[in-house]
Amino acid sequence: MKRQDYISWDEYFMGVSLLAAKRSKDPNTQVGACIVDSNNVILSTGYNGFPVGCSDDNLPWNRTGEDTKYPYVVHAELNAILNSGGKSLRGATIYVGLFPCNECAKAIIQSGIKEVVYLNDKYANEKSTLASKRILGMAGIKLRRLTPREKNLVLNFENELDR
Ligand SMILES: Nc1ccn([C@H]2C[C@H](O)[C@@H](COP(=O)(O)O)O2)c(=O)n1
Ligand SMILES: [Zn+2]
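What counts as what
Residues numbered from 1 in each chain as written. Chains lettered and ligands numbered in written order. Predicted model: local features only at pLDDT ≥ 70, side-chain atom pairs only at ≥ 80, totals over all residues. Heavy atoms only, no water. UniProt positions renumbered as here; feature names shortened; annotations may be inferred. Helix = DSSP H or I, 4+ residues; strand = E, 2+ residues; numbered from the N terminus. Contact = heavy atoms within 4.5 Å. pLDDT = per-residue confidence, 0-100. Near = heavy atom within 4 Å. Polar contact = N/O pair within 3.5 Å; in protein donor to acceptor, adjacent residues only side chain to side chain. Areas by Shrake-Rupley, 256 points an atom, 1.4 Å probe, with all protein chains shown as cover. Nonpolar A, V, L, I, M, F, W, Y, C, P; charged D, E, K, R; others polar. Pairing = 2+ DSSP bridges. Axes fitted to C-alpha atoms, helices over the stretch in contact; angles between N-to-C directions.

For the protein chain, an unreviewed UniProt entry supplies the name Cytidine deaminase and the organism Mogibacterium pumilum. Of the comments in the UniProt record for the protein chain, the one headed Cofactor (unreviewed entry) reads "Zn(2+)". Heading Sequence similarities (unreviewed entry) of the UniProt record for the protein chain holds this comment: "Belongs to the cytidine and deoxycytidylate deaminase family."

In structure tokens:
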């Protein structure tokens, strides 16, 4: 009989986006994204960080004050779109830990992505999120908040060493 406790496609792709988020150097919010085609093939991943060539150590990670991270950070969704290397994203789905902002929403729409699956909507009342929902809705993009069956998905490197 086949295993019964395998993870769903949704859990797999959201899991990949959460794993990508672990690469983020942002001390406050780590976001990952995973773009998938209609055959459940991963097209691209990304996480929030500074642009290539801009050192993580020489730009600010502050949220407030004179010099903040906001003008410099590339969001996870945009990085995933840019990392796709010119592949067509038409009809694709983007899995992302945090609901996309308006800037990422524009890129999502223009790239042809048709569905956004997200986990967290902690900035639901921000102008950027409201604008994002407005344009994603107008563009006919499906929005789906994922309710995971399990709270935890454990990766155990040690177990694999014993096989
Ligand atoms: N959908 C999103 C929303 C935000 N981000 C990035 C941008 C920042 O690095 C961080 C948010 O920082 P906070 O204001 O919570 O300190 O998350 C993203 O990549 N995708
Ligand atoms: Zn964004």
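Caption draft 1: Quick peek at the UniProt feature "active site" (unreviewed entry) in the protein chain. UniProt records the feature "active site" (unreviewed entry) for Glu77 in the present numbering. Within the secondary structure, glutamate 77 sits in helix α2 (residues 76-82). In this structure glutamate 77 touches Ala33, Ile94, Val96, Leu98, Phe99, Pro100, Cys101, Cys104 and Ile108, once residues within four positions along its chain are discounted.

Caption draft 2: Up close: the confidence of the model for the protein chain. Taken residue by residue, the protein chain gives an average pLDDT of 97. The fraction at 70 or more is 99%. The least confident element of the protein chain is helix α5 (residues 157-161), whose mean pLDDT is 89; the most confident is strand β1 (residues 32-36), at 99. Across the interfaces of the predicted complex, the ipTM metric reaches 0.99, alongside a pTM of 0.97.

Caption draft 3: Fine view of the site of ligand 1. Near ligand 1 you find 16 residues, and of these Thr29, Arg63, Tyr70, Glu77 and Tyr123 are the closest. Contacts to ligand 1 include tyrosine 70, whose side-chain N or O atom sits 2.5 Å from an oxygen atom. The contact in question runs from a nitrogen atom of ligand 1 to an N or O atom on the side chain of glutamate 77, over 2.6 Å. Compared with its free state, where it exposes 460 Å², ligand 1 has 95% of that area covered by protein. Of the residues in the shell around ligand 1, the class split is eight nonpolar, four polar and four charged.

Caption draft 4: Inspection of the environment of glycine 137 at higher detail. Note that glycine 137 resides in helix α4 (residues 127-138). Along the sequence, glycine 137 and glutamate 66 sit 71 residues apart, while their C-alpha atoms lie 35 Å from each other.

Caption draft 5: Structural view of the sheet that holds strand β3 (residues 93-98). One open sheet accounts for five strands, arranged β2-β1-β3-β4-β5; its pairing is mixed. Strands at the two margins of the open sheet, each flanked by one partner only, are β2 (42-47) and β5 (142-145). Neighbour to neighbour, the strand axes of the sheet diverge by 15° on average, direction disregarded. In this structure, strand β4 (residues 115-120) lies alongside β5, joined through four bridges in parallel fashion. Bridge pairing links valine 116 to leucine 143 in β5.

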